[in-house]
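Chain and residue survey
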Amino acid sequence: RAASTGRHVAVVGAGPAGLSCAHRLAMLGHQVTIFEAEQKPGGLNEYGIARYKMTDDFARKEVEFLLDIGGIDLQYGQRLGDNLTLDTLRQQYDSVFLGLGLGASRTLGLTGEDAPGLMPAVDYIKTLRQTDDLGTLAVAKRCIVIGAGNTAIDMATQMARLGAKKVTLVYRRGVEAMPATDHEQEIAKANGVRMVIWAQPDEILLDTQGRVAGMRFANTAEQQGRLSTTGETFEIAADAVFTAIGQGFEGDSLRDATAAELARDGERIHVNELFQTSLPNVYAGGDCVKPGQDLTVQAVQHGKLAAHAISFPGKKNSGDSVVNGVDLSVNFAGIKAPNPFWLASAPPTDKAYNVVRAYEAGWGGVVWKTLGEEPPAVNVSSRYSAHYGKNREVIGFNNIELITDRSLEINLQEITQVKKDWPDRALIVSIMVPCNEEAWAYILPRVEATGADGIELNLGCPHGMPERGMGAAVGQNPDLIEKVTYWCKKHYSKPVIVKLTPNITDIRVGAQAA
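Throughout, residues of each chain are indexed from 1 in the direction in which the sequence is written. It should be noted that, the model being predicted, local features are given only for residues of pLDDT at least 70 and side-chain atom pairs only at 80 or more, the latter also being counted only at that level, while totals for whole chains, interfaces and linings use all residues. Only hydrogens and water are set aside; all other atoms, that is, all heavy atoms of the structure, feed into the side-chain values.

Quick word on the overall build of the chain
Within the chain, the secondary structure is distributed over 14 helices and 28 strands. By its C-alpha atoms, the chain is 85 × 60 × 50 Å across when sized along the principal axes. Remark: exposure states derive from per-residue accessible area (1.4 Å probe, protein chains only) relative to the maximum for the residue type, with buried under 20%, exposed over 50%, and partly exposed in between. Within the chain, the fraction of its 514 residues that count as buried is 46%. Contacts were defined at the residue level, with two residues in contact if any of their heavy atoms lie within 4.5 Å. In the chain, the share of contacts with a sequence separation of at least 24, taken over all contacts with a separation of at least 6, comes to 65%. Each accessible area is a Shrake-Rupley estimate made with a 1.4 Å probe; only the visible protein chains count as cover when residues are assessed. With the model as given, the accessible surface of the chain reaches about 24700 Å², and the carbon-plus-sulfur share is 50%. A gap of 2 Å separates the mean positions of the 51 positive and 60 negative side-chain charges of the chain. Strands are runs of DSSP state E lasting at least 2 residues, helices are runs of H or I lasting at least 4, and numbering of each runs from the N terminus. Counted charges follow a simple rule, with Lys and Arg positive, Asp and Glu negative, and His plus the chain ends left uncounted. Every charge is mapped to an atom, namely NZ of Lys, CZ of Arg, CG of Asp or CD of Glu.

Listed below in structure tokens is the structure:
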């Protein structure tokens, strides 16, 4: 932790964005007070993820790790718009960060939505996560879950694991449009969850006592890109219905006079690229702001970037060469970059979208996913395997992906545009083509035309497609290393970086050949 700056910052919300911001602020020497509406910190990780996924009190332990840095005070039961106002925070603190999250569950808009037996999935998951004795928790025998995101899958799977006899997940579109990942869907199916697609809620069915007895659904179809009902309906009997159709921003949190002045993007808070709101010294990040996706990793990154902006006003974090007075800029083989943190050639650098996100996050350079000749390679699915510890806990992953499976033309176009948009960042292109001069003479001028700063000869890939005479098949042969390096220097004028293979008795021999 840096020496004290004498500044005190208020953070509203102890979710992923707020905790990330608070930790980074404390690391930079500020005193931080977090105001949290609930009685526990963690936000989504504590209250919004199914119990079977977050075991061993993981959320609490993670928060304890973050707070160990010191300089962070947590105050519970403090809700903005209720017993806490933005005006007060601005008067008492040097800066304010709002990490409010999304607190309002979207509704179906049907009569009877307030009937006993129907509730938002996140509310049930929250109760479940805070229950010590699951035997005291009410579990319906027949459940309907409406939605198809990860929360819907969590809810359906959790109910099945708790003992519900029949769990049906209903989604208005087809399987291919489900926001939940294929992996999550398979988990639900493995737990006996039945999935009904192309159906949307039409009417909530109630019994004589006004409790939920089921739901009527209207069949749907997509016509010219629009979803419409077909006129056919069907009913599913249920003792409980859980909605997981998304969450919205809780507008009541911004009802005091000062908070009401905040500029908005729709229902969310408007921020600039430094996560500054329209009010001086007030910042925001996470799900309550417009940029990006509603993902935990994105919220964490927002918190870090906002903390940097609070600490160094007016200075963008992404790619800064000087941090805390230290110049991190590098010049490697004539290739300049604002810092030495570069992403290696791998799935995170396989397309413009990923590379731009890396640059936005502050990475100084990337090595673009290995290019090859046409037709592109065909990768396996899934591309990853897990390494397990003695207790079957996941301790690492292995990437078994080959070179890029995207066309050479698309890759070259994207590399050209990215380098044009980010001229101060290092961009190296990894290449792997067959071991003949014609192949290299064809691809190298095309790569050079993109404006990339240099190339990486991928001669070290252990699964380096030896059937094509590439990768480690070349890296283990000094004569071939020398030939390929010579061809590259002959047909390419920029720096050539030779990535050697460790799968050789004496790596110095390969290095000398290069």
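Considerations on the sheet that holds strand E12 (residues 226–237)
Two strands make a pair as long as DSSP finds a minimum of two bridges between them. On the basis of which strands lie adjacent, the open sheet formed by three strands has the order E10-E11-E12 and antiparallel pairing. A single partner strand is all that each edge strand has here, and the edge strands are strand E10 (199–206) and E12. Between one strand axis and the next, the sheet turns by 25° as a mean value, whatever way the strands run. Strand direction decides the pairing type here: strand E11 (residues 212–223) and E12, joined by nine bridges, are antiparallel. Residue Met215 lies in a different strand from E12, and its bridge partner there is Ile236. To get an axis, fit a line to the C-alpha atoms, keeping to the stretch in contact for a helix; angles then go from 0 to 180 degrees between the N-to-C directions.

What about the pairing of strand E27 (residues 454–458)?
Among the five residues of E27, five are classified as buried, and the element is accordingly described as predominantly covered. On E27, burial covers both faces: Gly454, Glu456 and Asn458 on one face and Ile455 and Leu457 on the other are all buried. Relative to E27, strand E26 (residues 426–431) is paired through four bridges, and the arrangement is parallel. Of the residues in E27, the one forming a bridge with Ile431 is Leu457. Classification remark: right-handed applies to a crossover when, strands pointing away from the viewer, the course from the first strand over the helix to the second runs clockwise. Read from E26 through helix H11 (residues 437–448) to E27, the crossover connection turns out right-handed. The pairing of E27 with strand E28 (residues 496–499) spans four bridges and is parallel.

Notes on the sheet that holds strand E9 (residues 194–196)
What the five strands build is an open sheet, ordered E6-E13-E7-E8-E9; its pairing is parallel. Each end of this open sheet is capped by a strand with a single partner; those strands are strand E6 (118–120) and E9. Pairwise comparison of adjacent strand axes, ignoring direction, gives a mean angle of 20° for this sheet. Judged from the five bridges that link them, strand E7 (residues 142–146) and strand E8 (residues 166–170) form a sheet pairing that is parallel. Directly across from Val145, in E8, lies its bridge partner Leu169. Each of E7, E8, E9 and strand E13 (240–243) is contacted by helix H6 (residues 150–162), which is oriented at about 170° to E8, the strand it contacts most.

Examining the pairing of E11
Each regular strand displays side chains that alternate between the two surfaces of the sheet. With seven bridges connecting them, E10 and E11 associate as antiparallel partners. If you follow Gln200 over to E11, its bridge partner there is Ala218. If you look at the hairpin formed by E10 and E11, you'll find five residues sitting between the two strands, and Gly210 has a positive phi there, around 85°. With antiparallel pairing between neighbouring strands as the criterion, E11 and E12 make up a hairpin whose turn holds two residues, including Gln224 at a positive phi of roughly 55°.

A few points about unusual backbone geometry
Unlike most non-glycine residues, Asn281 shows phi in positive territory, near 65°. You can see Asn281 is positioned in the loop between strand E16 (268–269) and strand E17 (282–284). With a phi angle near 55°, Ala333 is a residue other than glycine that sits in the positive phi range. Position of Ala333 relative to the elements: it lies in the loop between strand E20 (330–332) and strand E21 (335–337). With a relative accessible area of 51%, Ala333 lands in the exposed category.

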